[in-house]
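Observations on the model geometry
Okay, here's what each chain looks like letter by letter:
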Amino acid sequence: MATDIKDTVHAVEAAAVMRLFPARPRLLALGEPTHGEDTLLELRNELFRQLVEQEGYRTIAIESDCLKGLLVDDYVTSGTGTLDEVMEHGFSHGWGAFAANRELVRWMRAHNEDRPASEWLRFAGVDGPLEITHAASPRQALTALHAYLAARVDADLLPCTAETLDRLLGADDRWTDPAAMTDPARSVGRSAEAGRLRLLADDLVALLDAQTPHLLAAASREDWERARLYGRTATGLLRYHYWMADTSPARMTRLCALRDVMMAHNLLAVAGRGPALVHAHNSHLQRVKSTMRMWQGPVEWWSAGALVNARLGEEYAFVATALGTIRHRGVDTPPPDTVEGFLYALPEDRCVIDAPRLAAALGDTPPAPRVSPWFGYAPLDPAHLAHSDGIVFVKDVPQT
């Protein structure tokens, strides 16, 4: 069996990854099976650097708040703010505290500093303004969209004033109450004010669409693209809050699906800029349905990767990352009858493998699913192998 895939095992380099695809993908998605390991973030950084220098990639998109990510993009493109400020305020999910993320931002700024705008590297957060415990207020997205339109179109065309939005939004902590995640009755998503805001957000986005020729003539495409981001974030958040107030058994399935819909829309917008590297959890980027066990039972939904793949076809590529050990998390040597166990027996500490070829080689003796003793690590599902373009395997993840 080892000889069947020997010629597909290569060092983790951009050239080897690109050989997995028939053509350069517009979105190259690199998944990870766990969050918070600098080893994996450093590997991502090096791969991105090579993709920039050898393959013409210009954007990196990560699983972080899409609105906060604008601060990072402003810094790497124009030097707005300081590195410390950007790391503190430009990331969600605690990502700003990781040394590898800081190094990524520093390197991108240094790369851009003496280059023309046409060669600038760009940064994007592609997650919604969501945490596992709560969702943000739609205030920032709604008011930014309104302000953009109010400065450029006839006031009579606006569906409301900024004061009306402010009154309907109320205090932000009404929206961000963490108790609403497990108690739908605590959510304001189905209040009269929230219902009115959903209609106004829809009207503002429709106005943005209707005035596109004028808006592009009156200001930059960059400003218009940001307004579109504000629009889809506002409508996405209001939809998410509405379903947080749901009491049906499908509630968490729907919320997980809506989050990935927001991610997919952001990824499609990133794809419009040209080739980009995307880095997020395997479960958000895979081509098959995602599953998770939550407090009320299992949930299943289409991932952002599956949604984007349906739109982009071969212009979307997915490479999953698999791990051997994370000993500081209690994840020890994988059993030999698992995919990770087979890869662990290879001599390479890190390698990239053609996933469909690996699936075919393992076909006579289907691997057993690996079971992780730690909830924060999701092993590869052997049934998903053939739906990935490649596997990046890291034998051991040390504590950093």
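The rules behind each value
- Residues numbered from 1 in each chain as written.
- Predicted model: local features only at pLDDT ≥ 70, side-chain atom pairs only at ≥ 80, totals over all residues.
- Heavy atoms only, no water.
- Helix = DSSP H or I, 4+ residues; strand = E, 2+ residues; numbered from the N terminus.
- Rg over C-alpha atoms; globule rule 2.2 N^0.38 Å.
- Buried < 20%, exposed > 50% of the residue type's maximum accessible area, 1.4 Å probe, protein only.
- Contact = heavy atoms within 4.5 Å.
- Areas by Shrake-Rupley, 256 points an atom, 1.4 Å probe, with all protein chains shown as cover.
- Lys, Arg positive; Asp, Glu negative; His and termini not counted.
- Charge placed at Lys NZ, Arg CZ, Asp CG, Glu CD.
- Salt bridge = Lys/Arg side-chain N within 4 Å of Asp/Glu carboxyl O.
- Pairing = 2+ DSSP bridges.
- Core = buried A, V, L, I, M, F, W, Y, C linked by side-chain atoms within 4.5 Å.
- Axes fitted to C-alpha atoms, helices over the stretch in contact; angles between N-to-C directions.
- Arc of directions from axis to C-beta.
- Phe/Tyr/Trp six-rings, centres within 6.5 Å; stacked < 30°, edge-to-face > 60°.
- Lys NZ or Arg CZ within 6 Å of the ring centre and 35° of its normal.

As annotated in an unreviewed UniProt entry, the chain carries the name Erythromycin esterase and is attributed to Streptomyces echinoruber.

Details of the overall build of the chain
Looking only at helices and strands, the chain has 16 helices and 9 strands in total. Over its C-alpha atoms the chain spans a radius of gyration of 22 Å, differing by no more than 12% from the 21 Å that the globule rule assigns to 400 residues. In terms of overall dimensions, the chain has a C-alpha envelope of 70 × 55 × 35 Å along the principal axes. Of all 400 residues assigned to the chain, the portion counted as buried reaches 54%. For the chain, restricting intrachain contacts to residue pairs at least 6 apart in sequence, the fraction spanning at least 24 positions comes to 77%. When the accessible surface of the chain is totalled, it reaches about 17,300 Å², and 52% of it is carbon and sulfur. Charged side chains in the chain number 40 positive and 53 negative. The centres of these two groups are separated by 2 Å.

Considering the pattern of salt bridges
Overall, the coordinates contain 24 salt bridges when judged by the stated rule. Glu46 is the salt-bridge partner of Arg49, the closest N and O atoms lying 2.5 Å from each other. Remark: Glu46 and Arg49 occur in helix H3 (residues 38–55); sequence separation between them is 3 residues, near one turn of the helix. Given a relative accessible area of 26%, Arg49 falls into the partly exposed group.

Here's the deal with the pairing of strand E3 (residues 122–127)
The element E3 is largely enclosed, with a buried count of 6 among its 6 residues. Burial along E3 is two-sided: the face carrying Arg122, Ala124 and Val126 and the face carrying Phe123, Gly125 and Asp127 are both buried. Sheet analysis places strand E2 (residues 59–65) next to E3, joined by 5 bridges and oriented parallel. Among the inter-strand pairings, Asp65 is bridged to a residue of E3, identified as Asp127.

Considerations on unusual backbone geometry
Leaving glycine out, the prevailing phi sign among residues is negative, and the prevailing peptide bond configuration is trans. Residue His93 is not a glycine yet carries a positive backbone phi of 60°. Tracing the backbone through its elements, the reader meets His93 in the loop between helix H5 (83–89) and helix H6 (99–112). His93 gets classed as partly exposed once you look at its relative accessible area, which sits at 30%.

What to know about the nonpolar core
Formed by 46 residues in total, the largest nonpolar core has its most connected members in Leu28, Phe48, Val105 and Met108. Residue contributions to this core peak at 7 residues, all from H3. Discounting residues that sit within four places of it in the chain, Met108 has contacts with Phe48, Ile60, Val76, Leu121, Arg122 and Phe123. In this structure, Ala304, Val308, Val339 and Leu362 belong to the second largest nonpolar core, which totals 39 residues.

Regarding the sheet that holds strand E9 (residues 390–396)
Spatially, the 7 strands line up as an open sheet ordered E3-E2-E4-E1-E7-E9-E8, and their pairing is mixed. Sheet topology places E3 and strand E8 (350–354) at the edges, where each strand pairs with a single neighbour. Taking the axes of each pair of neighbouring strands and ignoring which way they run, one obtains an average angle of 25° across the sheet. Pairing of E2 with strand E4 (residues 276–281), which is carried by 4 bridges, proceeds in the parallel orientation. Counted as the bridge partner of Ala61 is Val278 from E4. The strands touched by helix H4 (residues 69–78) are E2 and E3; relative to E3, the strand with the most contacts, the crossing angle is about 175°.

Here's the deal with helix H8 (residues 162–169)
Within H8 the residues assigned to the buried category are Leu165, Leu168 and Leu169. Taken down its axis, H8 places every buried residue within 100° of arc, on the same side. Of the exposed residues in H8, the ones pointing more than 90 degrees away from its buried face are Glu163 and Arg167.

Considerations on the packing of aromatic side chains
The tally for this structure, following the rule as stated, stands at 5 aromatic pairs. Ring geometry for Phe91 against Phe123: centres 5.6 Å apart, planes inclined by 70°, an arrangement best described as edge-to-face. With Phe91 in the loop between H5 and H6 and Phe123 in strand E3, the pair connects residues that are 32 residues apart, well separated along the chain. In this pair, the class of Phe91 matches that of Phe123, namely buried. We note Arg198 situated over the ring of Tyr242; from NZ or CZ to the ring centre the distance is 4.8 Å.

Here's the deal with the environment of Val299
Within the element layout of this structure, Val299 appears in strand E6 (residues 297–302). Assessed through its relative accessible area of 3%, Val299 is described here as buried. As a C-alpha pair, Val299 and Gln399 span 100 residues in sequence and 31 Å in three-dimensional space. If we ignore the near neighbours within four places in the chain, the residues touching Val299 are Met252, Thr253, Cys256, Ser290, Thr291, Met292 and Met294.

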